[in-house]
Amino acid sequence: SVYVKENINFSIIISDDMKETDILKLQKRLDKEVFVRSTEYISKKQALREQIEAMGTDPQDFLGYNPLHASIEVKLHSDYANTDSIAKIEKEIKKNTNVQEVRYQEDLINMVNENIRNISLMLLGLAFISFALINNTIWLTIYSKRFLIHTMKLVGASWSFIRRPFLWRNFWIGVLAAVIADGVLWAAAYWLVVYEPDLISVITPNVMLLVSVSVLVFGVCITWFCA
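The following paragraphs examine the structure supplied in this document. Fair warning: this is a prediction, and the values are worked out from it, not measured in the lab.

About the cut-offs
Residues numbered from 1 in each chain as written. Predicted model: local features only at pLDDT ≥ 70, side-chain atom pairs only at ≥ 80, totals over all residues. Heavy atoms only, no water. Helix = DSSP H or I, 4+ residues; strand = E, 2+ residues; numbered from the N terminus. Rg over C-alpha atoms; globule rule 2.2 N^0.38 Å. Buried < 20%, exposed > 50% of the residue type's maximum accessible area, 1.4 Å probe, protein only. Expected span 1.5 Å × (residues − 1). Arc of directions from axis to C-beta. Contact = heavy atoms within 4.5 Å. Pairing = 2+ DSSP bridges. Axes fitted to C-alpha atoms, helices over the stretch in contact; angles between N-to-C directions. Core = buried A, V, L, I, M, F, W, Y, C linked by side-chain atoms within 4.5 Å. Phe/Tyr/Trp six-rings, centres within 6.5 Å; stacked < 30°, edge-to-face > 60°. Lys NZ or Arg CZ within 6 Å of the ring centre and 35° of its normal. Parallel < 35°, antiparallel > 145°, perpendicular 65-115°, else oblique. Left-handed = near helix turned anticlockwise from the far one by under 90°.

### Structural notes on the overall build of the chain
Okay, so step 1: Each helix and strand in the chain was counted, giving nine helices and four strands.
Okay, so step 2: Each helix and strand of the chain, ordered N terminal to C terminal, gives the series α-β-α-β-α-α-β-α-β-α-α-α-α.
Okay, so step 3: Expected size for 227 residues packed as a compact globule is a radius of gyration near 17 Å; at 29 Å, the chain overshoots this value by more than 25%.
Okay, so step 4: When its C-alpha atoms are laid out on the principal axes, the chain stretches across 100 × 35 × 25 Å.
Okay, so step 5: Looking at the 227 residues of the chain, the share that counts as buried comes to 29%.

### Here's the deal with helix H2 (residues 20–31)
Okay, so step 1: Its twelve residues give H2 an end-to-end C-alpha distance of 16 Å, which sits within 8% of 16 Å, the value for a rise of 1.5 Å per residue.
Okay, so step 2: For H2, every residue scored as buried is listed here: Ile23, Leu26, Gln27 and Leu30. Across the axial projection of H2, the buried residues extend over an arc of 100 degrees, all falling on one side. Counted as exposed and oriented over 90 degrees from the buried face of H2: Thr21, Lys25 and Lys28.
Okay, so step 3: Considering only its buried residues, H2 is in contact with strand S1 (9–14), strand S2 (36–42), strand S3 (71–76), helix H5 (83–93) and strand S4 (99–103).

### Here we look at the sheet that holds S1
Okay, so step 1: Read from one edge of the open sheet, four strands run S2-S3-S1-S4, paired in antiparallel fashion. Of all the strands in the sheet, the pair left with one neighbour each is S2 and S4. The mean angle between the axes of side-by-side strands here comes to 20 degrees, regardless of whether they run parallel or antiparallel.
Okay, so step 2: Bridge count for S1 against S3 is five bridges, and the pairing is antiparallel.

### What about the environment of Asn66?
Okay, so step 1: Take Asn66: it is sitting in the loop between helix H4 (60–63) and S3.
Okay, so step 2: For Asn66, a relative accessible area of 14% corresponds to the buried category.
Okay, so step 3: It is 79 Å that separates the C-alpha atoms of Asn66 and Arg164, two residues lying 98 residues apart in sequence.
Okay, so step 4: Residue contacts for Asn66: discarding those within four places in its chain leaves Lys44, Lys45, Leu48 and Gln60.

### Section: helix H6 (residues 106–144)
Okay, so step 1: Here H6 spans 57 Å end to end across 39 residues, near enough to the 57 Å set by a 1.5 Å rise per residue.
Okay, so step 2: For H6, the full list of buried residues reads Ile109, Val112, Asn113, Ile116 and Ile138.
Okay, so step 3: Where H6 is buried, its residues meet helix H1 (2–5), H5, helix H8 (159–195) and helix H9 (205–226).

### Details of the nonpolar core
Okay, so step 1: By size, the foremost hydrophobic cluster in this structure holds 23 residues, and its most contacted members are Phe10, Ile12, Ile14, Ile72, Val74 and Ile93.
Okay, so step 2: The set of elements that each furnish at least two residues to this core consists of S1, H2, S2, S3, H5, S4 and H6.
Okay, so step 3: If we skip the residues at most four places from it in the chain, Ile14 touches Ile23, Leu26, His69, Ala70, Ser71, Asn98, Val99 and Gln100.

### Let's talk about the side chain of Ser78
Okay, so step 1: Looking at where Ser78 falls in the secondary structure, it is placed in the loop between S3 and H5.
Okay, so step 2: Ignoring any residue separated from it by four or fewer positions in sequence, one finds Ser78 in contact with Val2, Lys5 and Glu6.

### Brief notes about the packing of aromatic side chains
Okay, so step 1: Following the criterion strictly, the structure yields six aromatic pairs and no others.
Okay, so step 2: Relative to Trp172, the ring of Phe171 lies with its centre 5.1 Å away and its plane at 85 degrees, an arrangement referred to as edge-to-face.
Okay, so step 3: Residue class for Trp172 comes out exposed when judged on its relative accessible area of 53%.
Okay, so step 4: A network of ring pairs unites the aromatic residues Trp168, Phe171, Trp172 and Trp224 as a single cluster.
Okay, so step 5: One residue, Arg146, lies across the ring of Tyr143, its end atom 4.0 Å from the ring centre.

### Details of the packing of helix H7 (residues 146–154) against H8
The angle between the axes and the distance between the axes are what describe a pair of packed helices.
Okay, so step 1: Put simply, H7 and H8 touch, their axes get as near as 10 Å, and they point 150 degrees apart. Here H7 is positioned roughly antiparallel relative to H8, judged by the angle of their axes. Pair H7 / H8 crosses with right-handed handedness. Side by side, H7 and H8 meet where Ile149, Met152 and Lys153 of the first sit next to Trp159, Phe161, Ile162 and Phe166 of the second.

Pasting the structure below:
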């Protein structure tokens, strides 16, 4: 979620009247703002080069001049990557009279945030369903042993003695389930990094190790608690 949001950017289109030194000063001021993750200055010449590479034609050939403007590309911290925050930031930036326009794809930003929210809700729902299934499965297992438990009670077995085999059995089930889940996660992470190499900045070995240990701890705790 953070990785996707922090790759959303908007462009500050600069007037031709603004000197390059003033543009760089504006960029430095932006870098100090709490909402800014990174900025990149694109000069008129660089914008023209990129236009030629992308379109294969030079607009100067038929216009006689470079029609493109210098700009500053701004990437936001994830907390500010929404249309409401960008609208407020836009008002502040436009106080500078040399800023012609602030461009951003409102529909794309809304779609990204909506999709992330929907995925989060879906995963939360799956988590609750998984917990319910684990809990019910353990209940059924214990219910199937009810006559054995009743017999043990009749011969004077303590509750701790009766519980012990169920707790240990579910402890090892939790460990096994966590190992399988971690294997699937590592395989999925490897596939994602191969498919999109830039994700290596997010799916780091440290993150994967933390996730793997968390899965193991929660896997054991949930099965132990339910038992």
